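Letter by letter, the chains look like this.
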Amino acid sequence: MVSWPNQILKIRPDQQYQNNLQVNVYGIFTAGSKPSNFNGRQKRFNRDINLANQIWNGGGMCNINFIPQPVFEVKTIIDVTNLGFQAAMEGPVKGLIKKVKHKIGNPTGIYVVYTSGNDFAFSSGSTSPIGAGGVIIEDFRIKDGIPKFTLFGSIALSNRALNAPFTFAHEAGHVLLTELDKQPFNNIFKFNAIDPTGPFINPVTGKSDIAHSNLVGNLMAPVLPNIIPTIDPLQLQKARMSRIFQNAIIK
Ligand SMILES: [Zn+2]
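Some details on the packing of helix H1 (residues 38-56) against helix H3 (residues 167-176)
Thought 1: Following both chains from N to C, one finds H1 and H3 inclined at 60°, their axes separated by 8 Å at the closest point. Relative to H3, the element H1 is oriented oblique. For H1 against H3, the interelement crossing comes out right-handed. Facing H1, whose interface residues are Asp 48, Leu 51, Ala 52, Ile 55 and Trp 56, H3 presents Phe 168, Ala 169 and Ala 172.
Thought 2: Looking at the contact of H1 with H3 residue by residue, the class counts come to seven nonpolar, no polar and one charged.

What about the confidence of the model for the protein chain?
Thought 1: Per-residue confidence for the protein chain gives a mean pLDDT of 87; residues scoring 70 or more make up 86%.
Thought 2: pLDDT under 50 marks residues 1-19. Its contacts with residues more than four places away, or in other chains, come to 28 contacts.

Description of the sheet that holds strand S1 (residues 22-29)
Thought 1: Pairing in this open sheet of five strands is mixed, and the strands run S2-S1-S3-S5-S4 from one edge to the other. If you trace the sheet from one side to the other, it starts and ends with strand S2 (65-73) and strand S4 (131-143), each paired once. Neighbouring strand axes in the sheet, compared pairwise and without regard to direction, differ in orientation by 25° on average.
Thought 2: Examined bridge by bridge, strand S3 (residues 110-114) and strand S5 (residues 146-157) share five bridges and lie parallel to one another. Considered in S5, the bridge of Val 112 is made with Ile 155.
Thought 3: Those strands touched by helix H2 (residues 85-103) are S1, S2, S3, S4 and S5, and its axis lies near 105° from that of S5.

Details of unusual backbone geometry
Thought 1: The amide bond that connects Lys 34 to the next residue, Pro 35, takes the cis arrangement and shows omega of -10°.
Thought 2: With respect to the helices and strands, Pro 35 occurs in the loop between S1 and H1.
Thought 3: A cis amide bond, omega 0°, links Gly 198 with the succeeding residue Pro 199.
Thought 4: Looking at the element boundaries, Pro 199 is found in the loop between strand S7 (188-193) and strand S8 (200-201).
Thought 5: In this model, Asp 139 sits at a positive phi of 55°, which is unusual for a non-glycine residue.
Thought 6: By secondary structure assignment, the location of Asp 139 is in strand S4.
Thought 7: Given 9 C-beta atoms within 10 Å, Asp 139 falls into the exposed group.
Thought 8: For Asp 144, which is not glycine, the phi torsion reads 50° and is therefore positive.
Thought 9: Tracing the sequence through the fold places Asp 144 in the loop between S4 and S5.

Topic: the pairing of S4
Thought 1: Here eleven bridges tie S4 to S5, and the two strands are oriented antiparallel to one another. Residue pairing for S5: Val 135 is matched across the bridge by Gly 153.
Thought 2: Linking S4 to S5, which pair antiparallel, is a turn of two residues; within it Asp 144 sits at a positive phi near 50°.

So, the environment of Phe 72
Thought 1: Following the sequence through the fold, Phe 72 ends up in strand S2.
Thought 2: Along the chain, Phe 72 and Gly 27 lie 45 residues apart, while their C-alpha atoms are 6.1 Å from each other.

Digging into H2
Thought 1: In this model, H2 (19 residues) spans 25 Å end to end at C-alpha, consistent with the 27 Å of a helix rising 1.5 Å per residue.
Thought 2: Residues Phe 85, Ala 88, Met 89, Pro 92, Val 93, Leu 96, Ile 97, Val 100 and Lys 101 constitute the buried set of H2.
Thought 3: On its buried face, H2 is in contact with S1, S2, S3, S4 and S5.
Thought 4: The first or second residue beyond H2 is Gly 105, which carries a positive phi of 90°.

A look at the nonpolar core
The tendency in soluble globular proteins is for nonpolar side chains to be buried side by side.
Thought 1: Counting residues in hydrophobic clusters, the biggest one holds 57 residues, and the most contacted among them are Ile 28, Ala 88, Tyr 111, Val 112, Val 113, Ile 155 and Ala 172.
Thought 2: If one sorts the elements of this core by residue count, H2 sits on top with seven residues.
Thought 3: When sequence neighbours within four positions are dropped, the list of residues in contact with Tyr 111 reads Tyr 26, Ile 28, Ile 97, Val 100, Lys 101, Phe 152, Gly 153 and Ser 154.

Here is what the cut-offs are and how they apply
Just so you know, the residues in each chain are numbered from 1, in the order the chain's sequence is written. In view of the model being predicted, local features appear only for residues whose pLDDT reaches at least 70, and side-chain atom pairs are presented and counted only at 80 or more, with totals across whole chains, interfaces and linings using the full set of residues. Helix axes use the C-alpha atoms of the stretch in contact, all axes being lines fitted to C-alpha atoms, and the angles between their N-to-C directions lie in the range 0 to 180 degrees. Secondary structure follows DSSP: runs of H or I at least 4 residues long count as helices, runs of E at least 2 residues long count as strands, and numbering of each begins at the N terminus. In what follows, roughly perpendicular refers to angles from 65 to 115 degrees, roughly parallel to angles under 35, roughly antiparallel to angles over 145, and oblique to any angle outside these ranges. Each crossing is labelled by how the near helix is turned from the far one, with a counterclockwise turn of less than a right angle marking it left-handed and a clockwise turn marking it right-handed. The contact criterion used here is simple: two residues whose C-beta atoms, placed from the backbone, lie within 7 Å are in contact. Gly is put with the polar residues, along with every residue not named as nonpolar or charged; the nonpolar set is Ala, Val, Leu, Ile, Met, Phe, Trp, Tyr, Cys and Pro, and the charged set is Asp, Glu, Lys and Arg. As a per-residue quantity, pLDDT reports the predictor's confidence and falls between 0 and 100. In short, DSSP must find at least two bridges between two strands for them to pair. Here a residue counts as buried when 20 or more other C-beta atoms sit within 10 Å of its C-beta, as exposed when there are 12 or fewer, and as partly exposed otherwise, the C-beta atoms being derived from the backbone. Residue count minus one, scaled by 1.5 Å, sets the expected span of a helix. Here, a nonpolar core means buried Ala, Val, Leu, Ile, Met, Phe, Trp, Tyr and Cys residues linked by C-beta atoms lying within 7 Å of one another.

Structural data, given as structure tokens:
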């Protein structure tokens, strides 16, 4: 259940895209997310975006730019302690993002929800996730045999991600590396996050994970290093082709 506050702070209309490799990022702080004061939240949001730009726009090889938009504070509570990340993303996170973006005119971009709770509930493996990233697809239709749709990025970060500074950059990677599976199954098209430097092979279980990199120290490795992660040219090349950079043109 999500509720909408009477007042939203600092709304600005959709920003014009300067070029097709910029993506607007909207921050949504829920009740109980850290820090608790507006200035601290603004600082956390700016830090997340700045580090993502350092990684995704590093060295002049790649010019993907995340453009920070004003931060919203809402009274909705999303405590992820007892929520698996998939349940969170498909349920309350998606609901809140849809409400916020509808209020501000459905601008395309990435929406990042700062939740309460230290970690998401255990899914599999030995660590609890602190972030999740995916897409919200709207207006999906097939026109002359070609799938058409609008893609929005959706990210959720738990309170512990406050101390893991590259989490946003990693989750943004999942958004940018998500692709449409061109083979519909029972007429249902699926979107999959596929890392071109994967799959990650879990050394303990032997399980294969297509969403994550198998390169040590890489941004898209399933567990992030504390030092600045690396990014691979294959990842940059694929990310640049993300539909999120084309939304503004197609519309
Ligand atoms: Zn991941």
